[in-house]
Amino acid sequence: MATAIQSSVDRVINGTSDLMSSKPLQSMKQTVVKDAINGGGRNGTKTEAPAGTTEASPLLSTPMSDDIIPATTKHSSKNTASILNGPVSGIPSYPITLEHPPPKDLDKVMPNPGMPRANKAVSREKPEGDPRSPADRTVLQQHVMFWDRDNDGVIFPYDTFVGFRRLGFNLLISSLAVPFIHLSFSYPTLKSWIPDPRLPIYLNQIHRTKHGSDSEVYDTEGRFVPEKFESIFSKFDKDNKGGLGWKDIQEMVYTNMNINDPNGWIAERLEWYVTYLLLRDHKGLVSKEKIRGVYDGTIWEVVAQQEEERKQRARAWRSSKLD
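Nothing here was measured: the structure is a model prediction, and the numbers come from that model.

Thresholds, definitions, all that
Residues numbered from 1 in each chain as written. Predicted model: local features only at pLDDT ≥ 70, side-chain atom pairs only at ≥ 80, totals over all residues. Heavy atoms only, no water. Helix = DSSP H or I, 4+ residues; strand = E, 2+ residues; numbered from the N terminus. Polar contact = N/O pair within 3.5 Å; in protein donor to acceptor, adjacent residues only side chain to side chain. Contact = heavy atoms within 4.5 Å. 1 Å grid on protein atoms, 1.4 Å probe; cavity = no way out; pocket = protein on both sides within 12 Å on 5 of 7 lines; lining within 4 Å. Points joined across faces, edges and corners; volume = space filled by probe spheres on them. Nonpolar A, V, L, I, M, F, W, Y, C, P; charged D, E, K, R; others polar. Buried < 20%, exposed > 50% of the residue type's maximum accessible area, 1.4 Å probe, protein only.

(A) Quick look at the side chain of Ser213. Counting through the fold element by element, Ser213 comes out in the loop between strand 2 (201-202) and helix 8 (226-236). In this structure the side chain of Ser213 is engaged in a polar contact, spanning 2.7 Å, whose partner is the side chain of Asp261. Among all residues touching Ser213, those that are not within four sequence positions of it are Asn256, Met257, Asn258, Asp261, Gly264, Trp265 and Glu268.

In structure tokens:
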């Protein structure tokens, strides 16, 4: 196939070269150049075509350059090579395209990785997602369901406070999280234009809380885009640690910043910084699976259970000391 394409290109190039070197066209070129020097072919003056050719076009009233043919030949060969080798995702003349490569061969582990998944946060390691994820909720809804304690589809400020405490955050951080989250995200989810002083967040409108300067793993409908998720690690987990460290997160947040989007800058930083503080291991690394669990919310119950066990051990230790 490649040989046939190259042969066809060569025939076109050779035919073009033969045509351009033919005597009628060479004669026309000389006539046009001569007319241009003498002022002919301009201001309505007609340029006569040499014998054996058609009448000269007004477009040929300026000199032709001899480097047209070599340039055409050169670029044709390069374009043919590009077609044969496939699409190019990075070029040396723009280094960031090489520093941040897209994920490769995703279609070998999951079908159509660029298609948003409505209810599954899938990855290269988990192409079917997590079986605990409810099928009737979007991935963005799953992300925040942990804070909907009574499962009524509404998150109130006190629900947020309790949820952060269950995750192990202290009183200060849990208290600060409430106004930031509810003042930012309550109003977009309301069904009315009139603000609700209770600052509820409605899960059936949670897609409207998506902000800019993010990783775009969630689309504007709250679905999960596997290709975008994998891009986080192909771009920023450069030494294949299997997760992100503090510097990786810093670089990612900076790279994702959109112009004139201070709200998005703040929200993205706070979300990732809190994620890092909560989920980092003893090496200062947040694993890829934990980050996937953040997107579909399955990690929250795991962390809450671990925190509860830690508190029970602490209570048992204090009781033993008192005895």
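On we go from here.
(B) Layout of the layout of surface pockets. In this model, the largest pocket occupies a volume close to 1000 Å³. As for the largest pocket, its lining consists of 37 residues, and the residues nearest its centre are His143, Ile181, Phe185, Leu270 and Glu271. Where the lining of the largest pocket is concerned, the elements lending two or more residues are helix 5 (139-144), helix 6 (157-166), helix 7 (171-189), helix 10 (262-279) and helix 11 (288-296). Take the lining of the largest pocket: its biggest share by element is nine residues, from helix 10. Split by residue class, the lining of the largest pocket holds 26 nonpolar, seven polar and four charged.

(C) Up close: unusual backbone geometry. Its identity is not glycine, yet Ser213 carries a phi of approximately 60 degrees, on the positive side. Classification of Ser213 by relative accessible area gives buried; the value is 1%.

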